Amino acid sequence: MIARHVRKLEAYTPGEQPKAKNVVKLNTNENPYPPSPACAKVLKDFDLDRLRRYPDPVFAELRATLAALNGTTPDRVFVGNGSDEILALAARAFVEDGESIGSLDPSYSLYQTLAAIRNVPWRGLETGDERRGGCATPPLAPDVALFLLTNPNAPTGEFREPADVAAFAKAFKGVVLVDEAYADFARANCMALATAPRNRNVLVMRTFSKSYSLAGLRVGYCVGPKPLVDALYKIKDSYNVDAVAQAVALAAAKDQKWMKANVAKVVKTRAWFETELAARGWDVIPSEANFVFAKPPCPQKAAALFAALKAKNVFVRYFKGPKTGDRLRITIGTDAQMKRLLKEIEIG
Ligand code: PMP
């Protein structure tokens, strides 16, 4: 009764959402600061009659605002129920049976699950070159039709120069979806590649979950060439972004000042925290995201440290495996949260 590839499938495991109150939650890259007060106002004043009706299926107002924000036209913007939905749609829209999906390795582990759900192979590209500052056009299997390029990368936090991404996309015959979930925390981004008139194969994706502090709302979007964006519209659910989400995301998008102030706080804490970890003998990959991927002085103990911190109600993320198992991914929270973490590490 259940399709063979679904029977075999190993489901993606999202980071834990603990119920306890006094938890220091640094495991899912949420923003420690609240969303714009304009969002609270929208929720407070929300006319319930709008819930009686279906939402705008093409989110015209939100789309127009996002287009203006990114210097493009609304017909080049697509909005999803979180950027995760856009990734799932891309796997269906841009990949044929017999082709494959590629991404950096390590990268966001959901990509592998999406390939398995689509019933096509996933091909990982080593990120070693990146660290040496190089990049560009690594040998990719010829069947890769969609490449999900995370920038800054997760869980490493490494940043790839837009010029390198452009070179990669130029040499690649398929669709490159640049997953910029963390780009607001980085020194630059690839949006200009997506909006360029001659662009044929680059989509740049953003989310409201991190820099806008709205992970619970579920809104993400992407920008790119009209034919690719049209393909996503063709296959989406009719009402994929609900009325409340459209209204709240619109308010957040219009309050850039609030978002940027929160990002500045996180970036400042990140710099301080990286130094603190390094002073304690940790190997920290310089991060351009709202998390760090760091190796404790005793790397074989990363898993044990993760468990010890959890027992003290400090939640970070651990990814087992040869490429990631010697490090912890730690979300940047408030200064107070990071101090508590440092204290627990020392006692532990
Ligand atoms: N891309 C990356 C690289 C992420 O880390 C995440 C968050 N887990 C997402 C996409 C999904 O974000 P959203 O909340 O918009 O679905």
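Above: the structure in question.
Attention here is on the structure that accompanies the text. Since we're looking at a predicted model, the values are computed, not measured. (Residues numbered from 1 in each chain as written. Predicted model: local features only at pLDDT ≥ 70, side-chain atom pairs only at ≥ 80, totals over all residues. Heavy atoms only, no water.)

It is worth spelling out the packing of helix 5 (residues 83–93) against helix 6 (residues 110–118) at this point. Packing of helix 5 against helix 6 brings their axes to within 10 Å, and their N-to-C directions diverge by 40°. Classified by the angle between their axes, helix 5 and helix 6 sit oblique to one another. When you trace helix 5 past helix 6, the crossing you get is right-handed. Together, Asp 84, Leu 87, Ala 88, Ala 91 and Arg 92 of helix 5 and Leu 110, Tyr 111, Leu 114 and Arg 118 of helix 6 make up the contact between the two elements. Its residues assigned to classes, the contact of helix 5 with helix 6 comprises 6 nonpolar, no polar and 3 charged. (Axes fitted to C-alpha atoms, helices over the stretch in contact; angles between N-to-C directions. Helix = DSSP H or I, 4+ residues; strand = E, 2+ residues; numbered from the N terminus. Parallel < 35°, antiparallel > 145°, perpendicular 65-115°, else oblique. Left-handed = near helix turned anticlockwise from the far one by under 90°. Contact = heavy atoms within 4.5 Å. Nonpolar A, V, L, I, M, F, W, Y, C, P; charged D, E, K, R; others polar.)

This next bit is on the packing of aromatic side chains. One pair of aromatic rings is described through two measures. These are the centre distance and the angle between the planes. Within this structure, the stated rule accounts for 14 aromatic pairs. With centroids separated by 5.8 Å and ring planes inclined at 20°, the aromatic side chains of Phe 168 and Phe 172 adopt a geometry described as stacked. Judged by its relative accessible area of 3%, Phe 168 falls in the buried class. Of the residues examined, Phe 172 reaches a relative accessible area of 7% and is grouped as buried. Both rings, one in Tyr 182 and one in Phe 291, keep their centres 4.9 Å apart while their planes meet at 85°; by these two values the pair is edge-to-face. In this pair, Tyr 182 sits in the loop between strand 6 (175–179) and helix 9 (191–195) while Phe 291 sits in strand 10 (residues 291–295), placing the two residues 109 residues apart along the sequence. By the burial criterion, Tyr 182 is buried, and Phe 291 matches it. Connected via pairs of aromatic rings, a cluster forms that spans Tyr 12, Tyr 108 and Tyr 111. The aromatic ring of Tyr 33 is capped on one face by Lys 265, whose charged end is 4.1 Å from the ring centroid. Its guanidinium or amino end placed over the ring of Phe 291, Arg 329 lies 5.6 Å from that ring's centre, counting from NZ or CZ. (Phe/Tyr/Trp six-rings, centres within 6.5 Å; stacked < 30°, edge-to-face > 60°. Buried < 20%, exposed > 50% of the residue type's maximum accessible area, 1.4 Å probe, protein only. Lys NZ or Arg CZ within 6 Å of the ring centre and 35° of its normal.)

This paragraph deals with the sheet that holds strand 9 (residues 283–284). Across the sheet, which stays open at both edges, the 3 strands sit in the order 9-10-12 with antiparallel pairing between neighbours. Where the open sheet ends on each side, the last strands, each with one partner, are strand 9 and strand 12 (328–331). (Pairing = 2+ DSSP bridges.)

All right, on to unusual backbone geometry then. Cis geometry is adopted by the peptide bond preceding Pro 106, which originates at Asp 105 and carries an omega value of 10°. The linkage connecting Ala 154 with the following residue, Pro 155, adopts the cis geometry, with an omega of 5°. The phi dihedral of Asn 119 is positive, around 65°, even though this residue is not glycine. Looking at the secondary structure, you find Asn 119 in the loop between helix 6 and strand 4 (122–126). The phi angle at Ser 213 is positive, at roughly 60°, despite the residue not being glycine.

Of the two faces of strand 12, the one lined by Leu 328 and Ile 330 and the one lined by Arg 329 and Thr 331 are each fully buried. Two strands pair when backbone bridges link them, and strand 10 and strand 12 are joined in this way by 4 bridges, in the antiparallel orientation. Note that in strand 12 the partner of Ala 294 across the bridge is Leu 328.

Attention now moves to the nonpolar core. Judged by nonpolar contacts, the single largest core of 93 residues is most densely connected at Phe 208, Leu 277, Ile 330 and Leu 341. When residues of this core are assigned to their parent elements, the largest contribution, 6 residues, is made by helix 11 (residues 243–254). (Core = buried A, V, L, I, M, F, W, Y, C linked by side-chain atoms within 4.5 Å.)

Near the ligand, the surroundings consist of Gly 82, Ser 83, Asp 84, Tyr 108, Thr 150, Asp 179, Ala 181, Tyr 182, Thr 207, Ser 209, Lys 210 and Arg 218. Between Ser 209 and the ligand, the recorded distance is 2.6 Å, taken from a side-chain N or O atom to an oxygen atom. (Near = heavy atom within 4 Å. Polar contact = N/O pair within 3.5 Å; in protein donor to acceptor, adjacent residues only side chain to side chain.)

Within the secondary structure, Ala 251 is located in helix 11. Owing to a relative accessible area of 11%, Ala 251 belongs among the buried residues under this scheme. Sequence separation between Ala 251 and Ala 40 is 211 residues; the distance between their C-alpha atoms is 9.2 Å. Those residues within four positions of Ala 251 in sequence are excluded, and the remaining contacts are Ala 38, Cys 39 and Val 42.

Ordered by their spatial adjacency, 7 strands build an open sheet running 2-8-7-6-5-3-4, and the pairing between neighbours is mixed. Among the strands making up the open sheet, the edge pair consists of strand 2 (77–80) and strand 4. Sheet twist, expressed as the mean angle between neighbouring strand axes with direction ignored, is 25°. By the bridge criterion, 4 bridges tie strand 7 (residues 202–207) to strand 8 (residues 220–223) in an arrangement that is antiparallel. If you follow Val 204 over to strand 8, its bridge partner there is Val 223.

The end-to-end C-alpha distance of helix 12 (residues 256–279), which contains 24 residues, comes to 35 Å, matching closely the 34 Å that a straight helix rising 1.5 Å per residue would cover. Those residues of helix 12 lying buried are Gln 256, Met 259, Asn 262, Val 263, Val 266, Thr 269, Arg 270, Phe 273, Glu 274 and Leu 277. Following helix 12 by one or two positions, Gly 281 has its phi on the positive side, about 85°. (Expected span 1.5 Å × (residues − 1).)

For the structure shown, the criterion picks out 17 salt bridges. Between Lys 323 and Asp 105 there is a salt bridge, and its shortest N-O distance comes to 2.8 Å. Here Lys 323 is found in the loop between strand 11 (314–315) and strand 12, whereas its partner Asp 105 is found in strand 3 (residues 100–105), with 218 residues between them in sequence. A relative accessible area of 17% places Asp 105 in the buried class. Glu 346 is the salt-bridge partner of Arg 280, the closest N and O atoms lying 2.5 Å from each other. Remark: Glu 346 occurs in helix 14 (residues 335–347) and Arg 280 occurs in the loop between helix 12 and strand 9; sequence separation between them is 66 residues. The class for Arg 280 is partly exposed, based on a relative accessible area of 27%. (Salt bridge = Lys/Arg side-chain N within 4 Å of Asp/Glu carboxyl O.)

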